[in-house]
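# Coordinate inspection notes
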Amino acid sequence: MFDRLQAVEDRYERLNELLSDPEVINDSNKLREYSKEQSDIQDTAITYKEYKVIREQYQEAKMMLDEKLDADMKEMVKEELNELESNIEELEARLKILLIPKDPNDNKNVIMEIRGAAGGDEAALFAGSLYRMYSRYAEMQGWKTEIIDANATGLGGYKEIIFMINGSGAYSKLKFENGAHRVQRVPETESGGRIHTSTATVAVLPETEEVEIEIHEKDIRVDTFASSGPGGQSVNTTMSAVRLTHIPTNTVVSCQDEKSQIKNKEKAMKVLRARVYDKINREIQAEYDQNRKLAVGTGDRSERIRTYNFPQNRVTDHRIGLTIQKLDQIMEGKLDDVIDTLIVEDQSSKLQNADD
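First, a word on what this report is: a plain description of the structure on this page. Position numbers for residues start from 1 in each chain and track the written sequence from start to end. In keeping with the model being predicted, local features are shown solely for residues with a pLDDT of at least 70 and side-chain atom pairs are shown and tallied solely at 80 or more, while totals for entire chains, interfaces and linings include all residues. The basis for the side-chain values is all heavy atoms of the structure; hydrogens and waters are excluded.

## Observations regarding the overall build of the protein
Filter applied, for reference: Counting from the N terminus, the helices are DSSP H or I runs at least four residues long and the strands are E runs at least two residues long. Three labels apply to residues, based on accessible area from a 1.4 Å probe with only protein chains included: buried if under 20% of the type maximum, exposed if over 50%, partly exposed otherwise in between. Here, two residues are considered to be in contact whenever any of their heavy atoms come within 4.5 Å of each other. Computed with a 1.4 Å probe, the accessible areas rest on the Shrake-Rupley method; for each residue, only the protein chains presented here act as cover.
Helices and strands together make up the secondary structure of the protein, namely nine helices and 11 strands. Across the 356 residues that make up the protein, the buried fraction comes to 40%. For the protein, the share of sequence-separated contacts (at least 6 apart) that also reach a separation of at least 24 residues comes to 62%. A total accessible area of about 19700 Å² is found for the protein, and carbon and sulfur atoms account for 47% of it.

## Things to note about the sheet that holds strand β3 (residues 157–166)
Inclusion rule: In this scheme, strands are said to pair when DSSP sees at least two bridges between them. Axes here mean lines fitted to C-alpha atoms, for a helix over just the part in contact, with angles spanning 0 to 180 degrees between N-to-C directions.
An order of β2-β3-β1-β5-β4-β9-β10-β11 is seen for the eight strands of this open sheet, with the pairing classed as mixed. The sheet terminates laterally at β2 (144–154) and β11 (322–324), the two strands that pair on one side only. The average angle at which neighbouring strand axes cross in this sheet is 15°, direction not considered. Of the strands in this sheet, β1 (110–116), β2, β3, β4 (179–185), β5 (196–206) and β9 (304–309) touch helix α5 (residues 120–141), which is tilted by about 15° from β3.

## Regarding helix α4 (residues 71–98)
What counts, and what does not: A helix's residues, less one, multiplied by 1.5 Å, set its expected span.
Taking 1.5 Å of rise per residue, 28 residues should cover 40 Å, and α4 covers 40 Å from first to last C-alpha, within 8% of that figure. Considered for burial, the residues of α4 that qualify are V77, L81, L84, I88, L91, L95 and L98. For α4, the secondary structure elements touched by its buried residues are α1 (2–18) and α3 (28–65).

## Focus: the side chain of T316
Here T316 lies in strand β10 (residues 314–317). Apart from the residues lying within four places of it in its own chain, the contact partners of T316 are I305, R306, T307, L322 and T323.

## Examining the environment of I339
Along the polypeptide, I339 turns up in helix α9 (residues 336–355). On the basis of relative accessibility, which here comes to 1%, the residue I339 falls in the buried class. Sequence separation between I339 and S172 is 167 residues; the distance between their C-alpha atoms is 9.7 Å.

## Observations concerning the sheet that holds strand β7 (residues 241–246)
With respect to topology, three strands assemble into an open sheet ordered β6-β7-β8, the strand pairing being antiparallel. Where the open sheet ends on each side, the last strands, each with one partner, are β6 (220–225) and β8 (251–255). When strand polarity is set aside, the average angle formed by the axes of neighbouring strands in this sheet is 15°. When β7 meets β8, the two strands line up antiparallel, connected through five bridges. Across the sheet, the residue bridging to T245 is V252, located in β8.

## Topic: the packing of aromatic side chains
Defined as follows: The pairing test for Phe, Tyr and Trp rings, Trp by its six-membered ring, is centres within 6.5 Å, and the orientation test on the planes gives stacked under 30 degrees, edge-to-face over 60, and tilted for anything in between.
For the structure on display, the rule yields six aromatic pairs. Considering the side-chain rings of F126 and Y308, the 5.4 Å spacing of their centres and the 65° angle between planes classify their relative orientation as edge-to-face. You can see F126 sitting in helix α5 and its partner Y308 sitting in strand β9, a full 182 residues away along the chain. Ring geometry for Y137 and W143: centres 5.8 Å apart, planes at 80°, overall edge-to-face. A relative accessible area of 11% places W143 in the buried class. What links up through ring pairs into an aromatic cluster is the set F2, Y48 and Y51.

## Brief notes about the nonpolar core
To keep it simple, the criterion reads: Put simply, buried Ala, Val, Leu, Ile, Met, Phe, Trp, Tyr and Cys residues joined by side-chain atoms within 4.5 Å make one nonpolar core.
Counting 35 residues, the largest nonpolar core has M112, I114, L130, Y134, I165, L174 and Y308 as its most contacted members. Residue assignment for this core shows that the elements contributing at least two residues are β1, α5, β3, α6 (170–174), β5, β11, α8 (327–330) and α9. At eight residues, the largest contribution of residues to this core is made by α5. Residues in contact with Y308, not counting those within four places in the same chain, are F126, L130, M133, Y134, H181, R182, V183, Q184, R314, V315, L327 and M331. Within the second largest apolar cluster, 17 residues are counted, among which are I148, M269, A274 and V276.

## Here's the deal with the environment of W143
With respect to the secondary-structure elements, W143 resides in the loop between α5 and β2. When the C-alpha positions of W143 and N166 are compared, they lie 5.6 Å apart, and in sequence the two are 23 residues distant. With near-sequence residues (within four places) excluded, W143 lies in contact with Y137, A138, I165, N166, G167, S168, G169, A170, K173 and L174.

## Concerning a negative patch on the surface
Applied cut-off: Each patch is built from residues that are more than 30% exposed by relative accessible area and take part in no salt bridge. Like charges join if they lie within 9 Å; nonpolar side chains (Val, Leu, Ile, Met, Phe, Trp, Tyr) join within 5 Å. Throughout this description, the term salt bridge denotes a Lys or Arg side-chain nitrogen within 4 Å of a carboxyl oxygen of Asp or Glu. In this tally Asp and Glu are treated as negative and Lys and Arg as positive; neither His nor the chain ends contributes. Just so you know, the charge point we use is NZ for Lys, CZ for Arg, CG for Asp and CD for Glu.
A contiguous patch of negative charge, built from D70, D72, E75 and E79, is present on the exposed surface. Structurally, D70 is set in the loop between α3 and α4.

## Focus on the packing of α3 against α4
Think of two packed helices as two axes; the pair is described by the angle between the axes and how far apart they sit. The following threshold applies: Note on terminology: angles under 35 degrees are roughly parallel, angles over 145 are roughly antiparallel, angles of 65 to 115 are roughly perpendicular, and the others are oblique. Should the near helix be turned counterclockwise from the far one by less than a right angle, the crossing is left-handed, whereas a clockwise turn marks it as right-handed. Residue classes follow a fixed rule: Ala, Val, Leu, Ile, Met, Phe, Trp, Tyr, Cys and Pro count as nonpolar, while Asp, Glu, Lys and Arg count as charged, and any other residue, Gly among them, counts as polar.
At their nearest, the axes of α3 and α4 sit 9 Å apart, and the two run at 155° to each other. When the axes of α3 and α4 are compared, the pair comes out roughly antiparallel. For the element pair α3 and α4, the recorded crossing hand is left-handed. In terms of residue class, the contact of α3 with α4 is built from 14 nonpolar, four polar and 10 charged.

As structure tokens, this is what we get:
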């Protein structure tokens, strides 16, 4: 482990030199590449430097115990050793986590797709509730949310809503939301007070740049149509809505949120790139040894990952057996208790796999 950490520190110092080199400064591609690499390893390099300093302090304090000291001084040195030893253990644990290979998508923006599934109107209403939950969470993180396309049903529900969350690290926090979400509550559409069970599916895709995946214009069929509102009524007499079909993968994306056809096409292309990229990654993942998959993972979209029980104010994440009795707060976007636990579980699983 320490050989790897020293290699990271050496590379970090070399990148500092390269980023001061006039030749690199004048090459925008190299400057971007080296800056990103430096940013990726900075935390590891700085933490390892701190670890080495504390380790050296520990060795010096240990040597002092061999000297002739009075009782009070000896007690002070022992207390310092205990504190330094505790710091060393904490830093070693952190360094192990920092050495876990990072998901290259973690710092990216996110495209989220929420669809009402089983449960008719109530499923659409729940999809709307999930959208508001994630929007509020994004706002608390200082991220920006932008709707790409939405098929509203009235009463605040959505058959489908696609939106982008722009913010550093958005994918690292939200990638575990992929899957089927189940709700148990008395629907707004139910006058008898009976509890219904409905589901909505959530897809979380990292935004993908053109350089990461090449999509040729000749492989895309572009259709335009008039945008529509709830119930299918036309809300725009111009042909501003856009439907893109990626012929090789039969991936279809529509966007009608903007009044401009050009802006709708730009938004649709972002979703198309993300979906094709996701499809390729999922095919690669399918070939991965099932026994080595992580405990949490990013989830299959048909897999039920979480239940929201309104009568008991309870949310349960089935993947890790987490139950929290504050659903009212979670629906207001206070998702940290759930998301942070999922991240810790994922890191623990990766550490265990690394040790096997």
